[in-house]
Each structure stands twice: as C-alpha cells, then as structure tokens.
Amino acid sequence: DAAAPDAAAPLPATLTLDAALALFEKRGLDLVIADAAVAGAKGDLRAAGALHNPSVGVGIGKSFGYGAQCTGCSAMQWQATVSDQAAISDVVFGKRGLRVDVAKAALEAAKMARLDAARTLRFTVEQQYAAAVLAKASRDFAKQARDVAAETAGLIAARHAAGAASEVDVARTQTALGEAE
C-alpha cells in the first residue's frame with residue numbers, strides 16, 4: 001500500500017509542527033516498519049482462515065501380459081481418489097478456529113504496536129520541535145539583550161564624554177556588553 005519513502009526529497013525552508021508531523025507520518029522508518037508488520041498480520045489472518053483445497057486424482061493404466069479369463073475382466077485398470085486434505089477435521093475439531101483466533105490476536109497486537117510507535121515517535125517529533133522553537137526564542141532574546149547592552153554602552157559613553165557618568169559606569173556597561181556578545 002505505502003510507497004517507498006523518498007529520501008532525496010528536500011526539506012522545506014521553514015517547518016511547522018503540522019508539516020513536521022505529516023513528514024514523519026509519510027517517511028518515518030518506525031511507522032513504515034510497523035505498517036509492514038500490520039500488513040503481514042493481515043495476510044496471516046487470511047491464510048489462517050483458508051481451508052485446504054480438496055484433492056482429486058484419477059489414474060488409468062494397462063497391465064501387459066494379463067490374459068482376461070473371465071467375463072467383464074479387462075487388462076485396463078483405473079483408480080480414482082478424492083481427499084478433503086483434513087479440512088473437515090480442522091473445522092470439526094476446532095483447529096481452524098484456533099488458528100484464526102491466534103491470527104486475529106496477532107493482528108490486534110501489530111495494530112497496537114503501530115499505534116504505540118506513532119504515539120512515541122509523535123511525542124519525539126513534538127519534543128524536538130519545541131526544543132528548536134525554544135532555541136530560536138533564546139537566540140532572539142540573546143540578540144535583543146546584546147542590542148540593548150550596545151545601545152546602553154553608547155549612551156553611557158556619551159554621558160561620560162559630557163561628564164555626566166563616571167569611568168566605572170563606562171566599565172560596567174562595557175562588561176555587560178561583552179557578556180551579552
């Protein structure tokens with residue numbers, strides 16, 4: 001059902017959380033593996049419910065060197081066989097039902113494993129996305145703090161030149177600017 005993931009497709013320049021989750025749903029390796037396990041379990045369920053095909057055989061042959069001495073006797077011989085390949089006994093004794101029940105349970109387990117993989121990996125994508133957003137916000141805040149420190153240093157330097165600020169004030173603002181950078 002699922003097409004092979006296109007590993008060569010480029011990522012977009014900006015990535016929203018919804019786009020990241022959609023990309024994950026389409027190309028996430030763990031989900032591709034989980035989907036394959038579900039498909040395999042569906043096939044196993046179908047095979048478990050199948051009945052064996054009956055077997056029919058017919059054979060004809062001739063006996064050489066046989067002289068038919070009685071009325072109705074012939075050198076030609078034939079045989080016929082029919083077999084249900086134990087299909088009736090599988091149904092009567094419940095073996096088929098047990099196979100189907102086990103296959104149904106395995107399918108449900110595969111579906112649950114797929115849901116668990118999706119839940120776990122969705123959380124991982126959301127967590128990484130939140131970390132990236134937080135890192136960008138932290139970077140923007142640090143840039144803003146640096147800009148404010150540079151502006152303050154310029155103002156204090158101008159006040160110092162006018163005699164309204166001491167050299168200590170200039171040193172403090174230079175230190176704050178150095179820390180902000």
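Residues numbered from 1 in each chain as written. Predicted model: local features only at pLDDT ≥ 70, side-chain atom pairs only at ≥ 80, totals over all residues. Heavy atoms only, no water.

## Comments concerning the side chain of Thr173
The criterion, for reference: The secondary structure listing takes helices from DSSP runs of H or I that are at least 4 residues long and strands from runs of E that are at least 2 residues long, numbered from the N terminus. Any two residues whose heavy atoms approach within 4.5 Å are treated as being in contact.
By the secondary structure assignment, Thr173 is in helix H5 (residues 167–180). When near neighbours in sequence (up to four residues on either side) are disregarded, Thr173 contacts Thr152, Ala153 and Ile156.

## Side note on the packing of helix H4 (residues 95–161) against H5
Heads up, the condition is: Geometry is summarised by axes, namely lines fitted to C-alpha atoms with helices restricted to the contacting stretch, and by angles between N-to-C directions that run from 0 to 180 degrees. Reported orientations rely on four angle classes, namely roughly parallel under 35 degrees, roughly antiparallel over 145, roughly perpendicular from 65 to 115, and oblique for the rest. Crossing handedness is defined as follows: a turn of the near helix away from the far one that is anticlockwise and smaller than a right angle gives a left-handed crossing, while the clockwise case is right-handed.
Running from N to C, H4 and H5 cross one another at 160°; their axes reach a closest spacing of 9 Å. Of the possible angle classes, the one that applies to H4 and H5 is roughly antiparallel. In this structure, H4 meets H5 at a crossing whose hand is left-handed. Of the residues in H5, those in contact with Ala142, Ala145, Arg146, Ala149, Ala150, Thr152, Ala153, Ile156 and His160 of H4 are Glu167, Asp169, Val170, Thr173, Gln174, Ala176, Leu177 and Ala180.

## A look at the confidence of the model for the chain
The test is simple: Here pLDDT means the predictor's own confidence in every residue, given as a number from 0 to 100.
In this model, the chain carries an average pLDDT of 88, and 94% of its residues clear a pLDDT of 70 or more. Helix H2 (residues 29–49) holds the highest mean pLDDT among the elements of the chain, 94, whereas helix H3 (residues 87–92) holds the lowest, 86.

## Points about the packing of helix H1 (residues 17–27) against H4
Basically, it comes down to this: Here the term charged refers only to Asp, Glu, Lys and Arg, the term nonpolar to Ala, Val, Leu, Ile, Met, Phe, Trp, Tyr, Cys and Pro, and the term polar to all other amino acids, Gly among them.
Between H1 and H4, the shortest axis-to-axis distance is 10 Å and the interhelical angle comes to 145°. As for how H1 packs across H4, the hand of that crossing is right-handed. Between H1 and H4, the residues in contact are Leu17, Ala20, Leu21, Phe24 and Glu25 and Arg114, Ala118, Leu121, Arg122, Val125, Glu126 and Tyr129, respectively. In terms of residue class, the contact of H1 with H4 is built from eight nonpolar, no polar and four charged.

## What about a nonpolar patch on the surface?
This is how the line gets drawn: The patches reported here contain residues having more than 30% relative accessible area and no salt bridge. Joining distances are 9 Å for like charges and 5 Å for nonpolar side chains (Val, Leu, Ile, Met, Phe, Trp, Tyr). The accessible surface values rely on the Shrake-Rupley method and a 1.4 Å probe; as for residues, cover is taken only from the protein chains in view. Criterion for a salt bridge: a side-chain nitrogen of Lys or Arg within 4 Å of a carboxyl oxygen of Asp or Glu.
Among the surface-exposed residues, Val56, Val58, Ile60, Met76, Trp78 and Val82 lie close enough to one another that they form a single nonpolar patch of about 780 Å² accessible area. At the level of secondary structure, the elements contributing two or more residues to the nonpolar patch comprise strand E1 (55–62) and strand E2 (76–83). By secondary structure assignment, the location of Val82 is in strand E2.

## Notes on the environment of Ala145
Just so we agree on the cut-off: Buried means the residue's accessible area, taken with a 1.4 Å probe over protein chains only, is under 20% of the maximum for its type, while exposed means over 50%, and partly exposed covers the values in between.
With respect to the element layout, Ala145 can be found in helix H4. Accessibility expressed as a relative area gives 32% for Ala145, which makes it partly exposed. Along the chain, Ala145 and Ile156 lie eleven residues apart, while their C-alpha atoms are 16 Å from each other.

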